[in-house]
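# Understanding the architecture of this molecule
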Amino acid sequence: MISPPAPARPVRAHRPLPAAMPAPAGTLTPIVGVGAGGHAKSAIDAIESVFRFRVVALLDADPALAGTTVLGNPVLGGDALAALRAGGVEHAFVGLGGAGDTSARRAGGALLRDAGFVLPAIVHRTATVARSARLADGVQVLAGAIVGADSRLACDALVNAGAILGHDADVGEAAHVASGARLGGGVTVGAGAHVGTGAVVLQGRTIGTGAVVAAGAVVLEDVPDSGRVAGVPARPIRRGGAR
């Protein structure tokens, strides 16, 4: 006699991860940022997601921004940097991104270090960073990004929201891997380079120092220092935008 099938077990709804409990404000380490534009908002979101630091101010050289706020944080003039450091604030972050030009990000990091600040690596709570990955000071890994095993990120490198770095990636100083970009295993991104939104770089390829990969490009070959490529597959951009 064939036994009747066992009744199906009820399917339990997936439970979301519990929200992190915020720490009391007095236990958080004060931190100041340079730059009060759009990227500053993303950096603040990452900082606030892990409840280690408390943003006390943003500094920006644009006089029109003085006295405004970004996500509730006051914006001060650039001349307030020394006063904040003298007042006991030891940590800082760069709130400058750079779409295609990372020089402002590099300059911001240099300004803060020259003023005596420590720039901690900042990793959003929802990012995934392999335990074997090495992050230098000033690195930022934003929401939903993935950094693969044995990857190395030099100081002030930026891995933007949702970007994916495969194993053994090597991202240079102040380089920017933009939102949604995907780098295969063993990709090298030179100092100051920019890999645009949604771009794909084939495994083992090199993006040279100061190079720019346009948004959505698919890179099948190495890109030389200061090179600029776009398209599928990516080809050099000549003067006037021709390929």
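Everything quoted here is computed from the prediction, not taken from an experiment. Per-chain numbering applies: the sequence of each chain, read as written, is numbered from 1 onward. Only residues with pLDDT of at least 70 get local features here, since the model is predicted, and only at 80 or more are side-chain atom pairs given and counted; chain-wide, interface and lining totals rely on the full set of residues. Excluding hydrogens and water, the side-chain values take into account all heavy atoms of the structure.

### Some words on the overall build of the protein chain
- When helices and strands are tallied, the protein chain shows three helices and 24 strands.
- Three exposure classes are used, based on accessible area relative to the maximum for each residue type with a 1.4 Å probe and protein chains only: buried under 20%, partly exposed in between, and exposed over 50%. Residue burial in the protein chain is summarised as follows: out of 243 residues, 41% are buried.
- Surface accessibility in these figures is a Shrake-Rupley result with a 1.4 Å probe; residues are shielded only by whichever protein chains are displayed. Total accessible area computed for the protein chain in this model is approximately 12400 Å², and 57% of it derives from carbon and sulfur atoms. Working definition: helices are DSSP H or I runs of at least four residues, strands are E runs of at least two. Numbering for both runs from the N terminus.

### What about helix α3 (residues 103–114)?
- Taking 1.5 Å as the rise per residue, α3 with 12 residues should run 16 Å; its terminal C-alpha atoms sit 16 Å apart, in good agreement.
- Those residues of α3 that sit buried are Arg105, Gly108, Gly109 and Leu112. All buried residues of α3 project into a common sector of 95° when viewed along the axis, lining one side.
- We call two residues contacting when some pair of their heavy atoms lies within 4.5 Å. Turning to α3, the residues buried within the fold contact β1 (29–34), α1 (38–50), α2 (81–86), β5 (91–94), β9 (140–141) and β12 (158–159).
- One or two residues past the end of α3 sits Gly116, with phi positive at roughly 95°. To estimate the expected span of a helix, count its residues, drop one, and scale the result by 1.5 Å. What the arc covers is the set of directions going from the helix axis to the C-beta atoms.

### Some remarks on the sheet that holds strand β14 (residues 170–171)
- Between any two strands, pairing holds if DSSP finds at least two bridges. Taken together, the five strands give an open sheet; going across it, the order is β8-β11-β14-β17-β20, and neighbouring strands pair in parallel fashion. Because the sheet does not close on itself, it has two edges, and the strands there are β8 (134–135) and β20 (206–207).
- As paired elements, β8 and strand β11 (residues 152–153) share two bridges and run parallel to each other. Across the sheet, Arg134 pairs through a bridge with Arg152, a residue of β11.

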